[in-house]
Structure formats: C-alpha cells, structure tokens
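Analysis of the macromolecular model
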Amino acid sequence: MTVSEAIKRWDCEREVTTVCSELIRFPSENPPCDVTGIAAYILERLHRAGIPARQLSAAPGMTSVVGELDFGPGPCLVVNGHMDVVPAGDRERWAFDPFGGEVREGYVLGRGASDMKGGLAALLVALSEAVRWDSLRGKVLFMAVPDEETGGWYGTRWLLEQGFTGDACLIAEPSGINPTIGQKGALWLRAMTRGVPAHGSLSPLVGENAILRMTKVIEAVYSIWGRSWTIPPEPRRLISETQAILREEGLEVQAEVLDHVTVNVGRISGGDKVNIVASRCEAEFDLRVPVGVPVGVVLDLFRQLVEERAGSGVEITPLREPIEANYTPPAHPFVQLVLRIIREVAGDTSRPVLQWASSDARFFRRHGIPTLQFGPADLQGIHGYDERVAVAQLVQAARAYALLIHDYLSPGDGGGSRAA
Ligand SMILES: [Zn+2]
C-alpha cells in the first residue's frame with residue numbers, strides 16, 4: 001500500500017476528536033485574547049510528537065506557536081490556524097457548555113469547534129503523522145496564532161514580519177468542502193461633523209446642528225450599497241461561481257453581498273445636552289469591498305458623496321489600515337493540488353470559492369504566497385450559539401492535510417516542486 005492509500009484509510013478519529021475537545025476547553029475568547037494556556041498545550045503536543053517548536057509573543061497574551069518539520073532542501077509549506085475564538089456571549093442561550101468540549105452524536109460541541117479549533121486539531125494530528133515519513137523533501141512550517149478575530153496584526157502579520165514565510169500556505173479555517181481562495185476588502189472609517197451651538201429653544205432657526213448633518217452623511221454612505229461596480233473578468237467569474245454555490249446552499253444574503261460594497265454604521269455619538277444645538281457628532285462605518293474593486297475607488301466615492309449631500313468640511317479618517325480585497329488565482333498549481341486532494345478525500349464536487357468577510361490569508365498573499373483556506377466546518381453555528389463540528393469532517397480534514405504535506409513535499413510527484 002502506498003503512503004497516499006494509507007492516508008486515505010488512516011483511522012485518526014479518536015485522536016482528532018480528543019485534541020479538538022481539549023482545545024475547546026481553553027476559553028481563548030477574543031477580546032481579551034489571552035492565548036497563553038492553549039499555546040502551552042499546543043507546544044507540549046508538538047514536542048511530544050517529536051516536532052521542534054517554540055513560542056513567541058508580539059504582546060502580553062498574544063502568543064504564537066511555531067513548529068517546523070524539516071526534511072532538508074525543498075519547498076516550504078506553511079500551515080496556519082488561529083487559537084482565539086469570538087466570545088461565547090450569553091451562556092443561557094447555549095444548549096451546552098461552550099467550553100466543555102463535549103462529544104455527542106457525532107459532533108464535538110463548543111465555542112471554536114468550527115472556527116477553528118477543529119481545523120487546528122486536524123493540523124496537529126496530521127503533523128504528528130507526517131513527522132514519521134522519511135521520503136519527503138522540504139519543510140512544513142506550522143503556525144498557531146492569536147488575534148485573528150480582531151485583525152491578525154499580533155499574530156499572522158507579526159510572524160511574517162519576523163521572517164517566518166514559505167512557498168504556499170494552507171489555513172485551516174472553516175470552509176466545508178469548497179476551499180476559499182479569496183476574501184473581500186474592508187474599509188473602516190470615522191466621520192466627524194461640526195456644528196454651531198445655540199439655544200435649543202430657538203432651533204432650527206438658530207445654530208447649525210452637527211447631528212442633523214450626520215444623518216445626511218449616513219444617507220450618503222448608505223447609497224453606496226446600491227452601486228454596481230466594474231470588476232475584471234477573472235474575479236467577476238469567481239464571484240458568479242461562488243454566488244451560484246452559496247445560493248444552492250440557501251445562503252442568499254451571502255451571495256448578494258459578494259459583488260456589492262456592504263455598508264454599516266456601527267457606532268455613533270454626538271451632542272452636548274438636550275437643549276443645546278449639537279456642536280459635534282461622530283460616526284463609524286464598516287464597508288466591505290468586492291474582489292476586483294480597489295478600496296481607493298470606494299474611499300473616493302465615499303468622500304465625494306459625503307461632500308455632495310452633507311457639504312464640505314466633514315472630517316473623514318481611517319479607523320484602521322484599509323484592507324484590499326485579495327485572492328489566489330484558481331488556476332494556480334497550488335489551488336489545483338489542494339482541489340485534487342479534497343476531491344480524493346471527500347468526494348468530487350469541491351470547487352474554489354470567495355469569502356464575504358476577511359481573514360489572515362491577506363497577509364500571506366501580500367507576501368506573494370499563494371494561500372487557500374480549507375477546514376472542517378458546520379457553518380451555521382460560527383460566531384453564534386451552539387457551535388459544533390462533525391467528527392467525520394475532522395477526520396476528513398486530518399487526512400487532507402496529511403495528504404497535502406505528503407504530496408507537496410514529494411519531489412516529482414505533482415507536489416511542491418511543481419506547485420511552488
Ligand atoms: Zn476563523
């Protein structure tokens with residue numbers, strides 16, 4: 001039996017289920033994002049498997065774990081997963097303990113089961129298997145990172161800045177059967193209006209009301225949702241294909257936002273006192289930008305519409321660095337390699353898709369590294385209550401990761417030598 005055949009039959013159910021449960025029992029909620037406990041667990045597991053690994057911290061609590069399987073000269077495959085999870089929220093709304101890691105009726109239950117302790121567990125189990133193969137050439141660089149749920153600046157981006165890099169990257173983010181090859185961009189902006197204070201008893205005849213002016217700003221910004229955009233042929237095709245897949249799955253809203261700029265005013269504050277004409281108002285906007293549309297174009301339109309409808313002098317500042325939409329082309333050999341492996345392990349319907357939100361993948365792509373996301377997922381519960389993951393998907397993912405490591409690092413075997 002070849003290694004590939006052995007991997008496809010590999011019985012790792014007990015191990016991957018146990019690791020997933022144990023990871024869930026560390027409540028690594030972000031905020032506040034203290035991953036010290038879960039990072040120590042992962043480090044110890046890697047060491048026990050005989051994999052050289054170490055911890056590094058960009059800031060207190062923001063610990064990353066880096067492990068390395070080194071088989072000598074050859075291509076380097078990065079595998080990445082985040083340890084932080086979004087907060088569990090109101091415990092009363094959960095049908096089980098979000099940090100219990102209970103296994104019931106073929107599912108592992110808890111916050112992070114799908115996003116993404118299931119994926120991390122599958123990676124860890126695949127690595128402990130791969131460390132025993134001696135026919136491979138090249139390197140696997142494993143990264144467990146913090147801070148993904150609040151931007152990734154202290155996790156993935158920081159590790160890349162420290163020089164940890166590779167030729168291709170797989171992130172074990174929840175995807176289900178269709179790997180994610182691109183994400184939308186994001187523009188987070190603050191707008192501030194100023195007015196002229198006056199006595200409320202004489203309004204609207206006196207003064208200038210900053211809150212009233214902000215309502216015009218908000219209307220102007222929301223008109224961006226209705227726009228259609230010129231998108232180059234390749235991303236245009238990817239968007240249409242993803243929309244068709246999402247609609248098949250009943251995800252109509254997610255399909256619709258893919259070729260639109262979404263708009264949300266998420267916070268507003270202003271005014272001084274009920275009987276004073278407001279002198280100042282501030283609002284924060286979250287806009288998500290389709291693949292194929294530069295964020296600069298959207299920012300220019302934002303400014304232009306605000307000026308047209310609310311007049312000049314509205315101060316617009318970024319809340320954080322804008323994120324360009326980004327993707328790895330579907331024809332890239334690494335995408336084709338991962339697709340082939342998923343089809344072998346999980347059936348033949350797998351197709352590459354785009355994601356309507358953003359992720360750490362952008363940091364790798366910015367470094368010129370082709371990057372995909374593929375991981376076990378029960379998409380309905382992610383960031384909500386009663387999150388879970390199917391044990392069958394954990395097994396499938398562990399096998400796919402093991403096969404990817406094997407094929408990517410097998411010289412002349414359609415792996416990294418060609419895919420890099
Ligand atoms: Zn995630």
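Structural data are supplied above this passage.
Nothing here was measured: the structure is a model prediction, and the numbers come from that model. (Residues numbered from 1 in each chain as written. Predicted model: local features only at pLDDT ≥ 70, side-chain atom pairs only at ≥ 80, totals over all residues.)

1. Re the overall build of the protein chain
Note the threshold: Each helix is a run of H or I in the DSSP string that is no shorter than four residues. Each strand is a run of E no shorter than two, and both are numbered from the N terminus. As a reference, a globule follows 2.2 Å times the number of residues to the power 0.38, and the radius of gyration itself is taken over C-alpha atoms. Remark: residues whose backbone-derived C-beta atoms lie within 7 Å of one another are considered to be in contact.
The number of helices and strands found in the protein chain is 13 helices and 16 strands. Whereas a compact globule of 420 residues would reach a radius of gyration of roughly 22 Å, the protein chain reaches 24 Å, a difference of no more than 12%. Each principal axis of the C-alpha atoms in the protein chain carries an extent, and together these give about 85 × 45 × 40 Å. Restricting to contacts in the protein chain with at least 6 residues of sequence separation, those with at least 24 account for 80%.

2. A few points about the packing of helix α10 (residues 333–346) against helix α12 (residues 391–408)
Selection criterion: Every axis corresponds to a line fitted to the C-alpha atoms, with the helix fit spanning only the stretch in contact, and the corresponding angles, defined between N-to-C directions, vary from 0 to 180 degrees. In this scheme, roughly parallel covers angles under 35 degrees and roughly antiparallel covers those over 145, while 65 to 115 is roughly perpendicular and the rest are oblique. Crossings are classed by handedness, with left-handed meaning an anticlockwise turn of the near helix from the far one by less than a right angle and right-handed meaning a clockwise turn. Side-chain classes follow a simple rule in which Ala, Val, Leu, Ile, Met, Phe, Trp, Tyr, Cys and Pro form the nonpolar group, Asp, Glu, Lys and Arg form the charged group, and the remainder, Gly included, forms the polar group.
For the pair α10 and α12, interaxial distance at closest approach is 9 Å and the crossing angle is 135°. The pairing of α10 with α12 is recorded here as oblique in orientation. With respect to the hand of their crossing, α10 and α12 are arranged in right-handed fashion. Across from Leu337, Val338, Ile341, Ile342, Val345 and Ala346 in α10, the residues of α12 making contact are Gln396, Arg399, Ala400, Leu403, Leu404, Asp407 and Tyr408. Among the residues forming the contact of α10 with α12, the class breakdown is 10 nonpolar, 1 polar and 2 charged.

3. A look at the sheet that holds strand β11 (residues 280–289)
Using the following cut-off: Here, any two strands with at least 2 DSSP bridges between them count as paired.
Strand order in the open sheet formed by 4 strands is β10-β11-β9-β12, with antiparallel pairing between adjacent strands. With one partner strand each, in any of the chains shown, β10 (262–270) and β12 (315–318) form the two edges of the open sheet. Between one strand axis and the next, the sheet turns by 20° as a mean value, whatever way the strands run. By the bridge criterion, 4 bridges tie strand β9 (residues 185–194) to β12 in an arrangement that is antiparallel. Across the sheet, Met192 pairs through a bridge with Glu315, a residue of β12. With respect to the sheet, helix α6 (residues 210–222) is in contact with β9, β10 and β11, its orientation differing from that of β11 by roughly 10°. Sheet strands in contact with helix α9 (residues 295–310) are β9, β11 and β12, and its direction is about 20° off that of β9.

4. Let's talk about the environment of Val35
The following threshold applies: To assign burial, the other C-beta atoms lying within 10 Å of each residue's own C-beta are counted, with C-beta atoms placed from the backbone; 20 or more indicates buried, 12 or fewer indicates exposed, and intermediate counts indicate partly exposed.
Looking at where Val35 falls in the secondary structure, it is placed in the loop between α2 (13–24) and α3 (36–48). You can call Val35 buried: it has 28 C-beta atoms within 10 Å. Considering only alpha carbons, one finds Val35 and Asp84, 49 residues apart in sequence, at a separation of 6.7 Å. Residue contacts for Val35: discarding those within four places in its chain leaves Ser28, Gly61, Thr63, Met83, Asp84 and Pro146.

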